[in-house]
Amino acid sequence: MRTNGLDRMVRKAFPAGPPGDLATRPLRLAVLSSSTVSHLLPAIRIGGLRRGLWVETYEAPFGAYAQDLADPASGLHAFGPDAILFALDTPHLTGGLNPAAGPEEAQAAQAQALRRLRETWRRARDGFRCPVIQQTLLPVALPLMGSNEHRLPGSRRHAVTRLNAGIRAAAESDGVDILALDEAAAQDGLAAWHDPVWWLRAKQAIAPSAAPLYGDHVARLLAAGQGLSKKCLVLDLDNTLWGGVVGDDGTAGLVLGQGSAEGEAYLGLQAYAHDLAARGVILAVVSKNDAANALDVFENHPEMLLRRGDIAAFLANWDNKATNLRRVAETLGIGLDALVFVDDNPFEREWVRAELPMVAVPELPEDPALYAGRLAEAGYFEALRVTDEDRARGAHYAANAARVAAVSEGGDLAAYLAGLGMRLVWRRFDPVGLPRIVQLINKTNQFNLTTRRTTEDEIRALIADPHALGLQFRLVDRLGDNGMIGVVVARETEPETHAIETWLMSCRVLGRGVEAAVLRVLAEVVAEAGGRHLVGRYRPSPKNGMVRGHYPGLGFTPLAAEADGSETFRLALADYRPGPSPIVIAHG
């Protein structure tokens with residue numbers, strides 16, 4: 001009720017949509033369902049706001065989602081969704097199953113249900129060129145045999161397990177994302193998600209009491225698709241990663257590791273953080289401690305799972321946590337809203353929430369055995385896919401922090417950059433780089449001239465378009481491979497003129513002259529295609545003010561300025577003369 005009330009208040013306060021100073025992204029979500037979902041839409045909208053999205057929702061007429069998809073004059077087509085969620089209930093998808101069926105008949109019925117579902121996905125993607133989310137089935141069918149239900153081929157209960165496995169396999173093949181309700185029900189209990197009374201009274205497959213959690217799970221997926229998931233896990237040390245205070249107890253006196261329940265609890269949080277790092281989450285440390293004491297634990301405690309090399313930014317001093325969190329963001333070149341801060345001390349949690357409300361601060365339970373689970377439940381690090389670039393991200397950021405430190409100590413930036421041995425490797429968009437290209441476009445906020453978002457289907461169409469070009473860039477130096485750090489998309493909009501639709505770069509390579517090297521490649525490629533002019537556009541967003549002077553700094557001439565702060569610039573390639581650079585350019 002509170003969630004619905006909050007949604008009404010928000011919609012009443014902003015009937016025309018969010019004000020310009022509200023740092024949200026608009027997104028239109030169509031919910032196509034075989035049951036009642038109107039009670040879920042307010043929770044989806046509030047869940048979106050919590051994760052930086054202003055979500056407009058559309059609900060297909062009851063039981064008519066297929067007709068809505070097929071009819072060009074339907075409300076769905078007029079709505080023009082940016083994402084589609086198929087929220088199909090279990091009775092709907094298992095209706096063709098017969099408990100008396102033999103193995104072959106049961107398997108054929110399940111295969112037919114999957115074929116119909118995949119055809120529905122195809123129509124949605126062909127019609128709207130937008131991401132598709134498929135909700136898995138809740139195990140609401142009653143068992144007929146009990147623990148050995150799998151021995152009844154036509155069992156609807158067992159069919160749910162097989163269908164969910166088939167949905168996941170088909171979704172992986174078709175590029176569809178999954179809303180894993182079956183896993184949520186396994187964790188929380190089916191009764192927390194489904195109420196037979198409300199199903200019979202109102203055909204609500206999701207219980208009204210579960211609506212806020214449902215909305216948050218949907219919002220996590222939408223936010224992940226828009227690059228709004230958190231990037232960095234910042235950890236306190238004393239009584240968070242280990243039991244005790246290292247300054248008082250010494251390294252040997254800490255509670256950590258095998259042999260005690262409390263020691264294993266702290267090790268459990270370390271293990272979860274270590275696994276998050278393996279899939280691309282950056283790790284940082286912020287602790288009120290003497291640095292030498294803190295580092296000694298990482299280097300010498302035999303039960304430590306995390307080591308200093310796993311930590312991209314390590315701040316152990318006596319400054320307040322908010323100040324150090326700002327330093328972490330600055331060192332890593334990411335926004336404060338990309339941080340999740342974990343600290344056992346309630347005072348520190350409240351201080352950070354008050355000083356830095358954009359930083360996510362989970363409320364930890366008293367028992368450290370529950371720390372990792374609480375962090376996981378919050379869904380801060382929701383992701384749709386994991387690329388090789390993700391797996392190497394922690395090392396990239398750690399190496400960049402080392403570069404920043406070296407510059408600070410050395411002082412001579414030009415000499416330092418010349419000694420880095422930087423190589424900018426570029427190539428056209430291709431299927432191999434497609435997942436990372438889409439991810440980078442959708443996640444980059446600061447060095448992003450237009451903040452345009454995209455889908456894999458749109459990038460595939462761009463690759464096939466003879467009037468468009470997409471360039472991907474990697475940066476390698478003597479400290480390591482930074483991975484894909486830049487994307488440029490340009491399109492021939494008029495004879496001999498290419499408009500730059502997207503130009504973005506990872507903030508971890510700023511200050512090295514990479515922008516000028518990217519322009520050199522772009523100018524050469526456009527010239528080879530017969531172009532004589534480049535037109536660039538800067539469209540302001542709440543986070544990209546740092547690139548307002550990007551085009552003038554590269555020699556572009558101003559063309560026009562608009563009331564919303566957007567600016568357009570032109571560069572005549574005949575007048576373009578690239579300057580000296582420590583970066584070697586290579587095609588690869």
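Since we're looking at a predicted model, the values are computed, not measured. (Residues numbered from 1 in each chain as written. Predicted model: local features only at pLDDT ≥ 70, side-chain atom pairs only at ≥ 80, totals over all residues. Heavy atoms only, no water.)

1. Regarding the sheet that holds strand β10 (residues 423-428)
Link 1 in the chain: Read from one edge of the open sheet, eight strands run β15-β16-β14-β13-β12-β11-β10-β17, paired in mixed fashion. In the strand order of this sheet, the two ends are held by β15 (557-561) and β17 (584-587), each with one partner. When strand polarity is set aside, the average angle formed by the axes of neighbouring strands in this sheet is 30 degrees.
Link 2 in the chain: Pairing of strand β14 (residues 533-538) with strand β16 (residues 567-572) involves six bridges; the strand directions are antiparallel. Considered in β16, the bridge of arginine 537 is made with threonine 568.
Link 3 in the chain: Along the sheet, helix α20 (residues 434-443) makes contact with β11 (468-477), β12 (480-494) and β13 (497-505), crossing β12 at roughly 80 degrees. (Pairing = 2+ DSSP bridges. Helix = DSSP H or I, 4+ residues; strand = E, 2+ residues; numbered from the N terminus. Axes fitted to C-alpha atoms, helices over the stretch in contact; angles between N-to-C directions. Contact = heavy atoms within 4.5 Å.)

2. Thoughts on the nonpolar core
Link 1 in the chain: In this structure, Leu424, Phe473, Trp503, Val514, Leu522, Leu534 and Phe556 are the most contacted members of the largest nonpolar core, which totals 40 residues.
Link 2 in the chain: With nine residues, helix α22 (residues 514-528) is the single largest residue contributor to this core.
Link 3 in the chain: Counting residues in each nonpolar core, the second largest holds 35 residues, with Leu237, Tyr266, Ala316 and Leu364 among its members. (Core = buried A, V, L, I, M, F, W, Y, C linked by side-chain atoms within 4.5 Å. Buried < 20%, exposed > 50% of the residue type's maximum accessible area, 1.4 Å probe, protein only.)

3. Brief notes about the sheet that holds strand β9 (residues 339-342)
Link 1 in the chain: Pairing is parallel across the open sheet formed by four strands, whose spatial order is β8-β7-β6-β9. Edge positions in the open sheet fall to β8 (313-317) and β9, since each of these has one partner strand only. Each neighbouring strand pair of the sheet contributes to a mean axis angle of 15 degrees, computed without reference to strand direction.
Link 2 in the chain: In this structure, strand β6 (residues 232-235) lies alongside β9, joined through four bridges in parallel fashion.

4. Some details on the packing of aromatic side chains
Link 1 in the chain: Under the criterion given, the structure shown has eight aromatic pairs.
Link 2 in the chain: Centre to centre, the rings of tyrosine 65 and phenylalanine 86 are 6.4 Å apart; their planes meet at 75 degrees, and the pair counts as edge-to-face. Taken together, the positions of tyrosine 65 in helix α3 (residues 65-70) and phenylalanine 86 in strand β3 (residues 83-87) put the pair 21 residues apart, joining distant regions of the chain. There is no split in this pair, since tyrosine 65 and phenylalanine 86 are both buried.
Link 3 in the chain: Ring centres of tryptophan 503 and tyrosine 551 lie 6.0 Å apart, and the angle between their planes is 80 degrees; this geometry places the pair in the edge-to-face category. Here the residue tryptophan 503 occupies a position in strand β13, and tyrosine 551 occupies one in helix α23 (residues 550-553), the gap between them amounting to 48 residues.
Link 4 in the chain: Among the residues examined, tyrosine 551 registers a relative accessible area of 1% and is labelled buried. (Phe/Tyr/Trp six-rings, centres within 6.5 Å; stacked < 30°, edge-to-face > 60°.)

5. Section: helix α15 (residues 346-355)
Link 1 in the chain: Taken together, the buried positions of α15 are occupied by Glu348, Arg349 and Val352. Projected onto a plane normal to the axis of α15, the buried residues spread over an arc of 100 degrees and lie on a single side. Seen from the open side of α15, the exposed residues pointing more than 90 degrees away from its buried face are Phe347 and Ala354.
Link 2 in the chain: Buried residues in α15 make contact with β7 (282-288), α14 (321-332) and β9. (Arc of directions from axis to C-beta.)

6. A short note on the layout of surface pockets
Link 1 in the chain: By volume, the second largest pocket is sized at about 1100 Å³.
Link 2 in the chain: What lines the second largest pocket is a set of 34 residues, and nearest its centre among them are Ile178, Ala180, Glu183, Glu382 and Ala383.
Link 3 in the chain: When residues of the lining of the second largest pocket are traced back to their parent elements, those giving at least two are α7 (156-174), β5 (177-179), α8 (181-188), α10 (211-225), α12 (261-278), α16 (371-377) and α21 (456-464). (1 Å grid on protein atoms, 1.4 Å probe; cavity = no way out; pocket = protein on both sides within 12 Å on 5 of 7 lines; lining within 4 Å. Points joined across faces, edges and corners; volume = space filled by probe spheres on them.)

7. Points about the pairing of β14
Link 1 in the chain: One ladder, built from four bridges, connects β13 with β14; its direction is parallel. Paired with threonine 497 across the strands is histidine 533, a residue of β14.
Link 2 in the chain: With α22 bridging β13 and the parallel β14, this β-α-β connection has right-handed handedness. (Right-handed = clockwise from strand over helix to strand, strands pointing away.)

8. Quick notes on the pairing of β3
Link 1 in the chain: Burial analysis of β3 places five of its five residues in the buried class, the great majority of the element.
Link 2 in the chain: With burial as the criterion, each face of β3 is covered, one bearing Ala83, Leu85 and Ala87 and the other bearing Ile84 and Phe86.
Link 3 in the chain: Pairing of strand β1 (residues 25-33) with β3 involves five bridges; the strand directions are parallel. Across the sheet, the residue bridging to leucine 29 is alanine 83, located in β3.
Link 4 in the chain: Alignment of β3 against strand β4 (residues 132-135), held across three bridges, turns out to be parallel. For phenylalanine 86, the partnering residue across the bridge sits in β4 and is glutamine 134.

9. A few points about α21
Link 1 in the chain: Among all positions in α21, only Glu456, Asp457, Ile459 and Leu462 are buried.
Link 2 in the chain: Contacts made by the buried residues of α21 are with α6 (103-128), α20, β11 and β12.

10. Describing unusual backbone geometry
Link 1 in the chain: A positive phi angle is found at asparagine 239, which is not glycine, with a value near 60 degrees.
Link 2 in the chain: Looking at where asparagine 239 falls in the secondary structure, it is placed in the loop between β6 and α11 (246-249).
Link 3 in the chain: Judged by its relative accessible area of 26%, asparagine 239 falls in the partly exposed class.
Link 4 in the chain: In the Ramachandran plot, glutamate 496 falls in the positive-phi region, its phi being about 70 degrees despite a non-glycine side chain.
Link 5 in the chain: Looking at the element boundaries, glutamate 496 is found in the loop between β12 and β13.

11. Comments concerning the packing of helix α1 (residues 2-13) against helix α2 (residues 41-50)
Link 1 in the chain: Viewed as axis vectors pointing N to C, α1 and α2 meet at an angle of 70 degrees, and their least axial separation amounts to 9 Å. The angle between α1 and α2 places the two elements in the roughly perpendicular class. Contact residues: Thr3, Asn4, Leu6, Asp7, Val10 and Arg11 in α1; Pro42, Ala43, Arg45, Ile46 and Leu49 in α2.
Link 2 in the chain: The residue inventory of the contact of α1 with α2, partitioned by class, reads six nonpolar, two polar and three charged. (Parallel < 35°, antiparallel > 145°, perpendicular 65-115°, else oblique. Nonpolar A, V, L, I, M, F, W, Y, C, P; charged D, E, K, R; others polar.)

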